[in-house]
Amino acid sequence: MATRAKSVKPSYRCTECGWTTAKWLGRCPECQTWGTVEEFGGAPAVRTTAAGRVSTAALPIGQVDSRTATARPTGVDELDRVLGGGLVPGAVVLLAGEPGVGKSTLLLDVAAKAATEDHRTLYVTAEESASQVRLRADRIHAINDHLFLAAETDLSAVLGHLDAVKPSLLVLDSVQTVASPELDGAPGGMAQVREVAGALIRASKERGMSTLLVGHVTKDGAIAGPRLLEHLVDVVLSFEGDRHARLRLVRGVKNRYGATDEVGCFELHDEGITGLADPSGLFLTRRDEPVPGTCLTVTLEGKRPLVAEVQALTVDTQIPSPRRTTSGLETSRVSMMLAVLEQRGRISALGKRDIYTATVGGVKLTEPAADLAVALALASAASDVPLPKNLVAIGEVGLAGEVRRVTGVQRRLAEAHRLGFTHALVPSDPGKVPAGMNVIEVADMGEALRVLPRRSRTQAPREE
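One structure accompanies this document, and this report is about it. Note that this is a predicted model, so its numbers are computed, not measured. (Residues numbered from 1 in each chain as written. Predicted model: local features only at pLDDT ≥ 70, side-chain atom pairs only at ≥ 80, totals over all residues. Heavy atoms only, no water.)

## Some words on the overall build of the chain
And then number 1: Of regular secondary structure, the chain possesses eleven helices and 21 strands.
And then number 2: Its C-alpha atoms put the chain at 85 × 55 × 50 Å along the principal axes.
And then number 3: Burial status across the chain gives 46% buried among its 464 residues.
And then number 4: Entry remark: accessible area of the chain is about 23,300 Å², with carbon and sulfur atoms responsible for 50%.
And then number 5: Seen as two clouds, the 54 positive and the 55 negative side-chain charges of the chain have centres 5 Å apart. (Helix = DSSP H or I, 4+ residues; strand = E, 2+ residues; numbered from the N terminus. Buried < 20%, exposed > 50% of the residue type's maximum accessible area, 1.4 Å probe, protein only. Areas by Shrake-Rupley, 256 points an atom, 1.4 Å probe, with all protein chains shown as cover. Lys, Arg positive; Asp, Glu negative; His and termini not counted. Charge placed at Lys NZ, Arg CZ, Asp CG, Glu CD.)

## A short note on a nonpolar patch on the surface
And then number 1: There is a patch of nonpolar side chains on the surface, built from Leu59, Ile61 and Val64 and spanning about 350 Å² of accessible area.
And then number 2: Along the polypeptide, Ile61 turns up in the loop between β3 (37–42) and α1 (77–83). (Patch = residues over 30% accessible without salt bridge, like charges linked within 9 Å, V, L, I, M, F, W, Y side chains within 5 Å. Salt bridge = Lys/Arg side-chain N within 4 Å of Asp/Glu carboxyl O.)

## Notes on the packing of helix α7 (residues 331–343) against helix α8 (residues 371–383)
And then number 1: As a packed pair, α7 and α8 sit with axes 9 Å apart at the nearest point and diverge in direction by 60°. The angle between the axes of α7 and α8 places the two elements in the oblique class. Considering only the axes of α7 and α8, their crossing is right-handed. Contacts from Arg333, Val334, Met337, Leu338 and Leu341 in α7 reach Asp371, Val374, Ala375, Leu378 and Ala379 in α8.
And then number 2: Here the residues of the contact of α7 with α8 are counted per class, giving eight nonpolar, no polar and two charged. (Axes fitted to C-alpha atoms, helices over the stretch in contact; angles between N-to-C directions. Parallel < 35°, antiparallel > 145°, perpendicular 65-115°, else oblique. Left-handed = near helix turned anticlockwise from the far one by under 90°. Contact = heavy atoms within 4.5 Å. Nonpolar A, V, L, I, M, F, W, Y, C, P; charged D, E, K, R; others polar.)

## Focus: the nonpolar core
And then number 1: By size, the foremost hydrophobic cluster in this structure holds 46 residues, and its most contacted members are Leu341, Leu372, Leu376, Leu378, Leu425, Met445 and Leu449.
And then number 2: Breaking this core down by element, the ones donating at least two residues are β10 (247–255), β11 (263–269), β14 (304–316), α7, α8, β17 (391–393) and α10 (445–448).
And then number 3: The dominant element in this core, judged by the number of residues it contributes, is α8, at ten residues.
And then number 4: Among all residues touching Leu425, those that are not within four sequence positions of it are Leu372, Leu376, Leu391, Val392, Ala393, Ile394, Ile440, Val442, Ala448 and Val451. (Core = buried A, V, L, I, M, F, W, Y, C linked by side-chain atoms within 4.5 Å.)

## Some details on the side chain of Thr36
And then number 1: The residue Thr36 is located in the loop between β2 (20–21) and β3 in this model.
And then number 2: Setting aside chain neighbours within four positions, we find Thr36 in contact with Arg13, Cys14, Thr15, Glu16 and Cys28.

## What to know about unusual backbone geometry
And then number 1: Look at the link from Asp173 to Ser174: it is a cis peptide, with omega at 5°.
And then number 2: Among the secondary structure elements, Ser174 is positioned in the loop between β7 (169–173) and α5 (190–207).
And then number 3: In the Ramachandran plot, Gln32 falls in the positive-phi region, its phi being about 60° despite a non-glycine side chain.
And then number 4: Take Gln32: it is sitting in the loop between β2 and β3.
And then number 5: On the basis of relative accessibility, which here comes to 42%, the residue Gln32 falls in the partly exposed class.

## Digging into the pattern of salt bridges
And then number 1: Enumeration over the complete set of coordinates arrives at 21 salt bridges.
And then number 2: Overlapping salt bridges bring together Glu78, Arg81, Glu262 and Arg304 as one network.

## Some thoughts on the environment of Ile394
And then number 1: Tracing the backbone through its elements, the reader meets Ile394 in the loop between β17 and β18 (396–397).
And then number 2: Here the alpha-carbon distance between Ile394 and Val409, two residues 15 residues apart in the chain, equals 7.8 Å.
And then number 3: Beyond its immediate sequence surroundings of up to four residues, Ile394 is in contact with Thr297, Val298, Ala369, Leu372, Val406, Arg412, Leu413, Leu425, Val426 and Pro427.

## Let's talk about the environment of Leu159
And then number 1: Along the chain, Leu159 falls in helix α4 (residues 155–165).
And then number 2: Among residues more than four places away in sequence, those in contact with Leu159 are Leu200, Ala203 and Arg207.

## Re the sheet that holds strand β12 (residues 272–275)
And then number 1: Read across the sheet, nine strands follow the order β6-β5-β7-β8-β4-β9-β10-β11-β12 without closing on themselves; strand pairing throughout is mixed. Since the sheet does not close on itself, it has two edges, and those belong to β6 (147–151) and β12, each with one partner. Neighbour to neighbour, the strand axes of the sheet diverge by 20° on average, direction disregarded.
And then number 2: Two strands pair when backbone bridges link them, and strand β5 (residues 121–125) and β7 are joined in this way by five bridges, in the parallel orientation. Counted as the bridge partner of Thr121 is Leu169 from β7.
And then number 3: Of the strands in this sheet, β5, β6 and β7 are in contact with α4, which crosses β5 at around 160°. (Pairing = 2+ DSSP bridges.)

## Some remarks on α8
And then number 1: Here α8 is 13 residues long and its end C-alpha atoms lie 19 Å apart, about the 18 Å a rise of 1.5 Å per residue gives.
And then number 2: Where burial is concerned, most of α8 is hidden: 13 out of the 13 residues are buried.
And then number 3: Two residues or fewer after α8 comes Asp384, characterised by a positive phi angle close to 60°. (Expected span 1.5 Å × (residues − 1).)

## Comments concerning the pairing of strand β13 (residues 294–301)
And then number 1: The buried fraction of β13 is high, at eight of eight residues.
And then number 2: Both faces of β13 are covered, namely the face carrying Thr294, Leu296, Val298 and Leu300 and the face carrying Cys295, Thr297, Thr299 and Glu301.
And then number 3: Both β13 and β14 contribute to a ladder of eight bridges, which runs antiparallel. Across the sheet, the residue bridging to Thr299 is Leu306, located in β14.

## Considerations on the state of the cysteines
And then number 1: Applying the stated criterion across every chain, the model contains zero disulfides.
And then number 2: Distance from the sulfur of Cys14, which forms no disulfide, to the nearest cysteine sulfur (Cys28) is 3.7 Å.
And then number 3: The class of Cys28 is buried, set by a relative accessible area of 0%. (Disulfide = S-S within 2.5 Å.)

## Concerning the environment of Arg136
And then number 1: On the secondary structure map, Arg136 appears in helix α3 (residues 130–139).
And then number 2: With a relative accessible area of 14%, Arg136 lands in the buried category.
And then number 3: Considered as a pair, Arg136 and Arg53 are 83 residues apart in the sequence and their alpha carbons are 50 Å apart.
And then number 4: In contact with Arg136, other than residues within four places in its own chain, are Ser104, Thr105, Leu108 and Glu128.

Here it is in structure tokens:
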């Protein structure tokens, strides 16, 4: 068909997501990033396309065979939970995380457990040598006769390995270190990442092969490379965790085959990484007697309730401006709880002391449901009087001192009851509560502070 082309004009492209336009813009309309639109050459010719032959006829949706999208378990239950049952043939999964968090260890374990005689696995490492990966496999017991290993950085060589091995699962570590010889530019550039991802996605769909891609992250925690990479793949997983703690979390950011509100919990240790079906024990300190400045709460990670411990410590300061240090908690939320306790709870001693707040086990509490536990831990630390034993506190605290309702209260209470906690402070109208559990409904901070002995409210009276 005849081609109609406009005269060549300067063209602009976003270096973040690859979106193109005929004129310069300060902000990319596609990814909403400022300062990433740059001139790169002539504008592409405007073409029209005639209707062509269809590859497969359109069918009523009820007649489409859904068996080809049936997930196959990987052998790692916590990862299957996040994926929605396992890996779907032809699916491409992007796993991103900070350096040293354990991405390669997890995927090597998955590759070994998923490999069988009928389903081969190919592990391609582009960042390490084959001998380095073999040493890790020995350490985590990931040796399998049906797991094949190759060290390649050339895209054409990777595609050649696919023809030779014919795997059911491909693991590529990482997508930013593989380059195509047909394109100019260093590995990790926008064009190279787009070409590598596109070629592997096409190969996965044609062969019915599941693919796991390892992705790097930037200093801000975002996935490195063009945003187009996240749009191309079927599943995007985020691998999180403090390198100084044992806990690792896998969150679903995007999932075309399942929900994105599931979280997988793992424990990283010297012999590898193992899934945690019941991770609440990592976030608690077992004591015979309660200690001042500690309070327990139940947080929701996706759909999973986790019992976590909040600790607070207050000491006399030697400087004009008291310290405010937090670990695992949002500094702004802790500052709000300090203001509410001083104004609504009539506790004035907090403003003149150094205050330290933290969580146990490296867990990060960001949801407002932990506000009540943070406030009670601070009040307990200020009065040096412990909270009652086997008590959990759940609720959001407003600036007026009211305790607001949060989602999933029944699920949180059921988890606390399962772990042996007998008392709970919750907002009004919690719904059905577990049998045998003493649930106290509180409407404001004044009612919540009554769980402390009377000395806690009179020891530090408000200065008028």
